[in-house]
Amino acid sequence: MMSKIKFLLFALLSGGLFALAWPAIGGIVYAIFFAFLPLLWMERQISMDDNRSALKVLLYAYLAFLLFNLLTTWWIYYASNWGSVMAIMCNAFFMTVVFWLFHLSKKHLGKKAGYASLIIYWLAFEYIHLNWELSWPWLNLGNVFADDVYMIQWYEYTGTLGGTLFVLVINLLLFQAITNFNVNRRKMLGAITAIFLSLLAATTIGGAKETNDTNEHLNVVIIQPNIDPYYDKFQGISESDQIDLMVRLAISQITEETDVVLLPETAFPQPFWDHELEFMYGTEEFRKIIDEYEDLRVITGILCSLLYTDESELSSTARKLPEFGWYDNYNAAMHIDQSKEIQLHRKSKLVLGAEKVPFLKHIPWMKKLSVNLGGTQSMYGVQEYPSVFFNQDNEEGLAPIICYESVYGEYVNQYAQEGAAVYAIITNDGWWDNTPGYKQHLAYARLRAIEGRRSVIRSANTGISAIINSEGQITASTDWWEESTLSAEVSMNTASTFYIDHGDYIGRTAVFLAPLLLLYAFVQRTKQQRKKLTKH
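Worth saying up front: this structure is predicted, and the values here are computed from it rather than measured. (Residues numbered from 1 in each chain as written. Predicted model: local features only at pLDDT ≥ 70, side-chain atom pairs only at ≥ 80, totals over all residues. Heavy atoms only, no water.)

Regarding the overall build of the protein
- Per the secondary structure count, the protein includes 15 helices and 13 strands.
- Once the C-alpha set of the protein is aligned to its principal axes, its extents read approximately 85 × 55 × 40 Å.
- Taking the contacts inside the protein whose residues are at least 6 apart along the sequence as the reference set, 72% of them involve residues at least 24 apart.
- Total accessible area on the protein stands at roughly 23,700 Å², and carbon and sulfur atoms take up 58% of it.
- Mean positive and mean negative side-chain charge positions of the protein (41 and 54 charges, respectively) differ by 24 Å. (Helix = DSSP H or I, 4+ residues; strand = E, 2+ residues; numbered from the N terminus. Contact = heavy atoms within 4.5 Å. Areas by Shrake-Rupley, 256 points an atom, 1.4 Å probe, with all protein chains shown as cover. Lys, Arg positive; Asp, Glu negative; His and termini not counted. Charge placed at Lys NZ, Arg CZ, Asp CG, Glu CD.)

As structure tokens, this is what we get:
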């Protein structure tokens, strides 16, 4: 009975340490270096004392990761009841499976290979979690440093998966130091030395960073209209009144030097056909301002629909019109300037449940199920590759990053590869109310700035709008839930970083090694079972 209580406390302690470290929850980032220790200790004790260890490890690990997910992402409830339950429970389950596979591998491969497998399996899981249909990388371990960017200037070489590797290695070295305290002082001292050198390297690389910013700059005006997404944006306040508000805010800040006005996600709230965007009220009103300032560019979030007349062109998300043709809905960003061409970017990374149904390409009938589950009119189409918005001279590329897209480092790299000199994030975080959600979302934008060494300009409907420099430092920001504007000069940069060029190479390596390690563990298990049978 005492051991059950002890293991239960270990699980709760581990989950609590993860949450304590997380941005906008506890914010004590160094707690992440201790978060795995209670779980590792529990796994070690169960492995030594119980032949039926696998099930126990599974249950206690699930409790720890469930608590971690619950304490850090409970705020999803404000946007979706069932979505929050599914996100928390499923993500905790995925993490648990990784830890369980580590336990099984350690059992059959020994301690050294076993603990190494935890690193490989976890990195492989996070890489897959960034790229598959059930993607939800919000709690990837490398995100934990988002509010402590002085430690991770080296993300320009590794991305967030480098941070995950860092967290896992420090946890395992600490565990080795603790378990060898009265057993092998040499190993203990070796582990402590390795921890010290790892932390020193992390901060030193950051301190030695040289900025890649050029002497070229953009003058930007960021609009935060603060329109309640639940009661006003899509029903309470007319679209014309909303646009008039944003026009007034923009005019109050625009000068002859202003290059860009950035409006938030779905700033123009009513959907229009792609071929009619020029005739939207918002387009017409902002074109009047552009006529007065010939170099001005406006980026805004919109909802739009694409009409298909040829069945062979249909996407997996296309729906049939009652009388003729098919259509796709998109959450999109629009760029307008003095030219007659309207540039569009249609959101590529969609929020699971709220904006997309998983595995739709492979299971088409899921489209019908989405309606029954209350899910999507919001089943949006996607654009496979991101678009970059350029000025009339095909220069000064801006990356229109819509909301959830900003969580994906390797995806954001594609904007830089296509010539983006500044990252422009548009979002509407008001769905989450005044919770840690919008704070975490802002913090993750700082990671993208470091990875690409790009300035970030961020327009959020209800806040927090911000200017972030290429070192991930927030140089200007608005308050939450207030009508506001920001004006600033930001640096442009088109130089590449190692991470832009190579992406999540750490994750791809882990994905290659993980099945080989699992296969090796299976072979060793088979050999061990045969030996037992031979003895009998």
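Don't stop here, the text continues.
Regarding the environment of Arg297
- With respect to the helices and strands, the residue Arg297 is situated in strand 4 (residues 297-308).
- Each C-alpha atom of the pair Arg297 and Lys4 lies 63 Å from the other, and the pair is 293 residues apart in sequence.
- Here the side chain of Arg297 touches Phe389 through a polar contact of 3.0 Å, landing on its backbone oxygen.
- Among the polar contacts listed, one links the side chain of Arg297 to the backbone oxygen of Glu396, at a separation of 3.0 Å. (Polar contact = N/O pair within 3.5 Å; in protein donor to acceptor, adjacent residues only side chain to side chain.)

So, the nonpolar core
- Formed by 125 residues in total, the largest nonpolar core has its most connected members in Ile32, Phe65, Phe99, Trp122 and Phe145.
- With eleven residues, helix 5 (residues 111-131) is the single largest residue contributor to this core.
- Ignoring anything within four residues of it in the chain, the contact list for Trp122 reads Phe36, Phe65, Met95, Val98, Leu141, Thr164 and Leu168.
- Counting 32 residues, the second largest nonpolar core, distinct from the first, contains Leu249, Leu277, Ile290 and Leu344. (Core = buried A, V, L, I, M, F, W, Y, C linked by side-chain atoms within 4.5 Å. Buried < 20%, exposed > 50% of the residue type's maximum accessible area, 1.4 Å probe, protein only.)

Comments concerning the confidence of the model for the protein
- On average, residues of the protein carry a pLDDT of 91, and 94% of them reach 70 or more.
- Contacts for the low-pLDDT stretch residues 369-377, under 50 throughout, to residues beyond four places or in other chains number eleven contacts. (pLDDT = per-residue confidence, 0-100.)

Regarding helix 2 (residues 37-49)
- Taking 1.5 Å of rise per residue, the 13 residues of helix 2 would be expected to cover 18 Å, and the 18 Å separating its terminal C-alpha atoms lies within 8% of that figure.
- Among the residues of helix 2, those classed as buried are Leu37, Pro38, Leu39, Leu40, Met42, Glu43, Gln45 and Ile46. (Expected span 1.5 Å × (residues − 1).)

Looking at the packing of aromatic side chains
- Throughout the structure, instances matching the rule amount to 39 aromatic pairs.
- Plain terms: the ring middles of Phe18 and Phe65 are 6.0 Å apart, the flat faces sit at 45 degrees to each other, and that makes the pair tilted. With Phe18 in helix 1 (residues 2-21) and Phe65 in helix 3 (residues 53-73), this pair connects stretches of sequence that are 47 residues apart. Each member of the pair, Phe18 together with Phe65, is buried.
- Stacked on the ring of Trp41, the Lys or Arg Arg44 has its end atom at 5.3 Å from the ring centre.
- Its end group placed over the ring of Trp326, Lys320 keeps NZ or CZ at 4.5 Å from the ring centre. (Phe/Tyr/Trp six-rings, centres within 6.5 Å; stacked < 30°, edge-to-face > 60°. Lys NZ or Arg CZ within 6 Å of the ring centre and 35° of its normal.)

Some details on the packing of helix 5 against helix 7 (residues 160-179)
- Running from amino to carboxyl end, helix 5 crosses helix 7 at an angle of 155 degrees, the nearest separation of the two axes being 10 Å. One finds that helix 5 runs roughly antiparallel with respect to helix 7. When you trace helix 5 past helix 7, the crossing you get is right-handed. Residues Tyr115, Leu118, Ile119, Trp122, Leu123, Glu126 and Tyr127 of helix 5 form the contact with helix 7, whose participating residues are Leu161, Thr164, Leu165, Leu168, Val169, Leu172 and Phe175.
- In terms of residue class, the contact of helix 5 with helix 7 is built from twelve nonpolar, one polar and one charged. (Axes fitted to C-alpha atoms, helices over the stretch in contact; angles between N-to-C directions. Parallel < 35°, antiparallel > 145°, perpendicular 65-115°, else oblique. Left-handed = near helix turned anticlockwise from the far one by under 90°. Nonpolar A, V, L, I, M, F, W, Y, C, P; charged D, E, K, R; others polar.)

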